[in-house]
Amino acid sequence: MTQLTTRRYDLDWLRVIAFLLLIFYHIGMFYVPWDWHVKSKHAGPGAEPLMMLLNPWRLSLLFFISGVALRFLFGKLGAAGVAKDRFVRMGLPILAGMILIVAPQSWLQLVESGEFEGSFWAFYPQYLDPASDFSIATPTWNHLWYIVYLLAYSLLLAPVAGLLIRFMEGRGAAVTQRLFSSRIGIAMVIALPAIPHMIYRLTLDPHFPTTHDLVWDWANHAHSLTMLMIGFLLAKDGGFWSAVRRAIVPAILLTVMLGAGLSLLWASWEALAANPGAQWMIWPARMARILYAWLAILSLLALAQRYLNRPGPTLTYLTGAVFPWYILHQTLIVMAGYWLTRQGLDVWSEFTLLVFATMGGCALLHEFVIRRSTHLRIWFGLKAKQGPGSSSLPAQAPV
């Protein structure tokens, strides 16, 4: 019953990659016809196939990695230490984000919809007033819902984490050893983690649309918390990670096959849904989407374990940068996109400038404003400086 105890640099790299993909996904939301805060004048269906392939697993991967990180953190700090750490390093950024960072997104969304005509400074006092009569809730956390949920899950997990860890180091490890180290270990690692999500898709998803409002988002909670708990429980399980490594080839092949097949179905989804003779394909396709999401995550875990499990100064820096970048990126996209799309640019010029504005803005604000500031660091999830001469700390994102 092997227990892994060394730092997982492969998952640090994968966290960085996942957050970068999330930034590009939100840039994509500016261009696809789906509902979002503001839209490009060039918005259309061109990027939809790529967005549809990314959508099913992008946040589930982050919740899985966060579960692994929590397992290591509980071993280091204990339940009380983790609760304090999460409350400070997530609670303060949530507060700062809701009060200041997210506000321009709401303002421009209401300006674009014609619901508000004044300046940001005229809007801001109304944004802070929960009684304001807007079509959207204010103040809000918008894209920061992931941090809100992760904070809630961490605090809920704290009282029982010790019991779960002891179980997984004893009887639980014996169970996973039989599941993942046997001849059918590859099949188990491919199928088992997807089964709960298929059940939620049948039972919860039809009744609880995603809201991101924390208190009435039960299907989303079921999916997200399950991914976090899978990561937490299996973080140090040698049998599981061995099965992940051995499943690399079938996982990648199945991911590609399912992704290609689902893309064809999604391209004609409205026609299928309207055709009574094609209704039998709807639910199998929905189940296939669940399996595709887990297989994509499994493939990335296997690839990262094989090729990315090594430290370096670049990883150290990026690991500390991802949380401030996550907090900043969507507001930069909304503000830059709103202005750029009104400049008469062609779509590729607009897209290129939007990428540079978003990535450059995140990089500059993180490096020259947030990271070097004694007072701003903690409001963006970074640890406080240790001493008068400290310019940086060992980087570890709280997510």
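Everything below is about the structure shown above.
Residues numbered from 1 in each chain as written. Predicted model: local features only at pLDDT ≥ 70, side-chain atom pairs only at ≥ 80, totals over all residues. Heavy atoms only, no water.

Asker: Outline the packing of helix α9 (residues 195–203) against helix α10 (residues 218–234), listing residues and values.
Answerer: At a minimum axis separation of 10 Å, α9 and α10 run at an interaxial angle of 170°. In terms of axis orientation, α9 runs roughly antiparallel to α10. In this structure, α9 uses Pro196, His197, Tyr200 and Arg201 to contact α10, whose residues at the interface are Ala222, His223, Thr226 and Met227. (Axes fitted to C-alpha atoms, helices over the stretch in contact; angles between N-to-C directions. Helix = DSSP H or I, 4+ residues; strand = E, 2+ residues; numbered from the N terminus. Parallel < 35°, antiparallel > 145°, perpendicular 65-115°, else oblique. Contact = heavy atoms within 4.5 Å.)

Asker: Describe in detail the side chain of Asp85, supporting the description with residues and values.
Answerer: Counting through the fold element by element, Asp85 comes out in helix α3 (residues 58–101). According to the relative accessible area criterion, Asp85 is buried, its value standing at 15%. Not counting chain neighbours up to four residues away, the residues in contact with Asp85 comprise Leu73, Leu77 and Met90. (Buried < 20%, exposed > 50% of the residue type's maximum accessible area, 1.4 Å probe, protein only.)

Asker: So what's going on with the nonpolar core? Residues and values would help.
Answerer: Residues Phe64 and Tyr146 are the most contacted members of the largest nonpolar core, which totals 114 residues. For this core, the element with the most residues is α3, which contributes 15 residues. If we skip the residues at most four places from it in the chain, Phe64 touches Met227, Leu228, Ile230, Gly231, Phe240, Trp241, Trp294 and Leu301. (Core = buried A, V, L, I, M, F, W, Y, C linked by side-chain atoms within 4.5 Å.)

Asker: Can you explain the environment of Arg245? Please cite residues and give values.
Answerer: The residue Arg245 is located in helix α11 (residues 238–246) in this model. Exposure remark for Arg245: the relative accessible area of 41% places this residue in the partly exposed category. Separated by 59 residues in sequence, Arg245 and Ala304 place their C-alpha atoms 9.6 Å apart. Ignoring anything within four residues of it in the chain, the contact list for Arg245 reads Gln305 and Arg306.

Asker: Would you mind going over a nonpolar patch on the surface in detail, with residue names and values included?
Answerer: Taken together, Leu95, Ile99, Leu100, Leu128 and Trp379 make up a surface patch of nonpolar side chains, about 430 Å² in accessible area. Top element by residues in the nonpolar patch is α3. It accounts for three residues. In this structure, Trp379 sits in the segment after α16 (347–370). (Patch = residues over 30% accessible without salt bridge, like charges linked within 9 Å, V, L, I, M, F, W, Y side chains within 5 Å. Areas by Shrake-Rupley, 256 points an atom, 1.4 Å probe, with all protein chains shown as cover. Salt bridge = Lys/Arg side-chain N within 4 Å of Asp/Glu carboxyl O.)

Asker: Outline the side chain of His197, supporting the account with residue identities and numerical values.
Answerer: By the element assignment, His197 lies in helix α9. In this structure His197 comes out as buried when scored by relative accessible area, which is 7%. In contact with His197, other than residues within four places in its own chain, are His223, Thr226, Met227 and Ile290.

Asker: So what's going on with the packing of aromatic side chains? Residues and values would help.
Answerer: Enumeration over the complete set of coordinates arrives at 26 aromatic pairs. Each ring, one from Phe63 and one from Trp145, has its centre 6.3 Å from the other, and the planes form 45°; the classification is tilted. Taken together, the positions of Phe63 in helix α3 and Trp145 in helix α6 (residues 145–168) put the pair 82 residues apart, joining distant regions of the chain. In this pair, the class of Phe63 matches that of Trp145, namely buried. Ring pairs connect the aromatic residues Trp107, Phe116, Phe120, Trp121, Phe123, Tyr124, Tyr127 and Phe134, which therefore count as one cluster. Across from the ring centre of Trp241, 3.9 Å away, lies the NZ or CZ of Arg8, which sits over that ring. Lying across the ring of Phe232, Arg71 places its NZ or CZ 5.9 Å from the centre. (Phe/Tyr/Trp six-rings, centres within 6.5 Å; stacked < 30°, edge-to-face > 60°. Lys NZ or Arg CZ within 6 Å of the ring centre and 35° of its normal.)

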